[in-house]
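Commentary on secondary and tertiary structure
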Amino acid sequence: MNSEILKKLEKKLQQQKESIEKELKSFAKEDVKPRGDWNTRYPKFNGGDLEEEADEFQEYEKLLSIEHALELKLRDINLALEKIKKNKYGKCGKCGKSIDIARLKACPEAKLCTKCK
Ligand SMILES: [Zn+2]
C-alpha cells in the first residue's frame, strides 16, 4: 500500500480513537485492568421520585448501548492501528486479500473485504 495513503488512514484512525475516547469519558469510566473495557456511570438518584428514577434508568440503558457500540468501534480501531505497526494493515481477516483502498478510506477500521463482510 502507498505509504502516503497509509499515513493518512493512520491519522484518521488516531483522530477517531481520540474522539471516541473523549465521548466515552463523558459518561463512562475506563477499567484500569483490563484496559479497553468501559463502564457507564450510573446516574445519581436525586430523590425518591419514582418517575424521575424511571427516567434516569432509561437514560442509563441508552448510555449502555451507546457505550457498547463505541467500545466495539474503539476495539476495531486499536486493532487496525496495531496492524499498521506490524505492517499487516489492509488485509482481509477472512480471505487474506487486500481490502479495497476506497473501502478503507470510508472505514479505516474495516477488518474484512467487501466480499467477506
Ligand atoms: Zn475477504
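Keep in mind it's a predicted model, so treat the numbers as computed, not measured. (Residues numbered from 1 in each chain as written. Predicted model: local features only at pLDDT ≥ 70, side-chain atom pairs only at ≥ 80, totals over all residues. Heavy atoms only, no water.)

Considerations on the coordination of the zinc ion
Around the zinc ion, the protein contributes the donor atoms Cys 92 (SG), Cys 95 (SG), Cys 113 (SG) and Cys 116 (SG), which lie 2.3 Å from the metal centre. In this structure, the zinc ion is coordinated by 4 donor atoms arranged in tetrahedral fashion, with angles at the metal of 102 to 114°. Here the donor residues for the zinc ion map to a single chain with the spacing C-x2-C-x17-C-x2-C. Highlighted residues: Cys 95 in the loop between α2 (50-85) and α3 (101-106) and Cys 113 in the segment after α3, separated in sequence by 18 residues. (Donors = N, O, S within 2.8 Å, 3.2 Å for Na, K, Ca; no water. Tetrahedral: all angles 85-135°; square planar, octahedral: opposite > 155°, others 65-115°. Helix = DSSP H or I, 4+ residues; strand = E, 2+ residues; numbered from the N terminus.)

Observations concerning a negative patch on the surface
Among the surface-exposed residues, Asp 49, Glu 51, Glu 52 and Asp 55 lie close enough to one another that they form a single negatively charged patch. In this structure Asp 49 comes out as partly exposed when scored by relative accessible area, which is 41%. (Patch = residues over 30% accessible without salt bridge, like charges linked within 9 Å, V, L, I, M, F, W, Y side chains within 5 Å. Areas by Shrake-Rupley, 256 points an atom, 1.4 Å probe, with all protein chains shown as cover. Salt bridge = Lys/Arg side-chain N within 4 Å of Asp/Glu carboxyl O. Lys, Arg positive; Asp, Glu negative; His and termini not counted. Charge placed at Lys NZ, Arg CZ, Asp CG, Glu CD. Buried < 20%, exposed > 50% of the residue type's maximum accessible area, 1.4 Å probe, protein only.)

Digging into the packing of aromatic side chains
This model, assessed by the stated rule, comprises 3 aromatic pairs. Between Tyr 42 and Phe 57, the aromatic rings sit 6.4 Å apart at their centres with planes inclined by 50°, giving tilted as the arrangement. Taken together, the residues span a long stretch of sequence, with Tyr 42 in the loop between β2 (38-40) and α2 and Phe 57 in helix α2 at a distance of 15 residues. Given the relative accessible area of 36%, Tyr 42 is considered partly exposed. Exposure remark for Phe 57: the relative accessible area of 39% places this residue in the partly exposed category. An aromatic cluster of three or more residues is present, and its members are Tyr 42, Phe 57 and Tyr 60. (Phe/Tyr/Trp six-rings, centres within 6.5 Å; stacked < 30°, edge-to-face > 60°.)

Re the side chain of Arg 103
Residue position: Arg 103 is located in helix α3. No salt bridge is formed by the buried Arg 103. Its closest oppositely charged neighbour is Asp 100, at 7.9 Å. When sequence neighbours within four positions are dropped, the list of residues in contact with Arg 103 reads Ala 110, Leu 112, Cys 113, Thr 114 and Lys 117. (Contact = heavy atoms within 4.5 Å.)

Focus: the confidence of the model for the protein
Per-chain confidence: the protein averages 91 in pLDDT, with 96% of residues scoring 70 or above. Ranking the helices and strands of the protein by mean pLDDT puts helix α1 (residues 3-27) first, with 96, and β2 last, with 88. (pLDDT = per-residue confidence, 0-100.)

Side note on α1
The end-to-end C-alpha distance of α1, which contains 25 residues, comes to 37 Å, matching closely the 36 Å that a straight helix rising 1.5 Å per residue would cover. Taken together, the buried positions of α1 are Leu 6, Leu 9, Leu 13, Gln 16, Ile 20, Glu 21, Leu 24 and Phe 27. For α1, the secondary structure elements touched by its buried residues are β1 (28-30), β2, α2 and α3. Among the residues of α1, the N-terminal cap falls to Asn 2, whose side-chain oxygen and the backbone nitrogen of Glu 4 are separated by 2.8 Å. (Expected span 1.5 Å × (residues − 1). Polar contact = N/O pair within 3.5 Å; in protein donor to acceptor, adjacent residues only side chain to side chain.)

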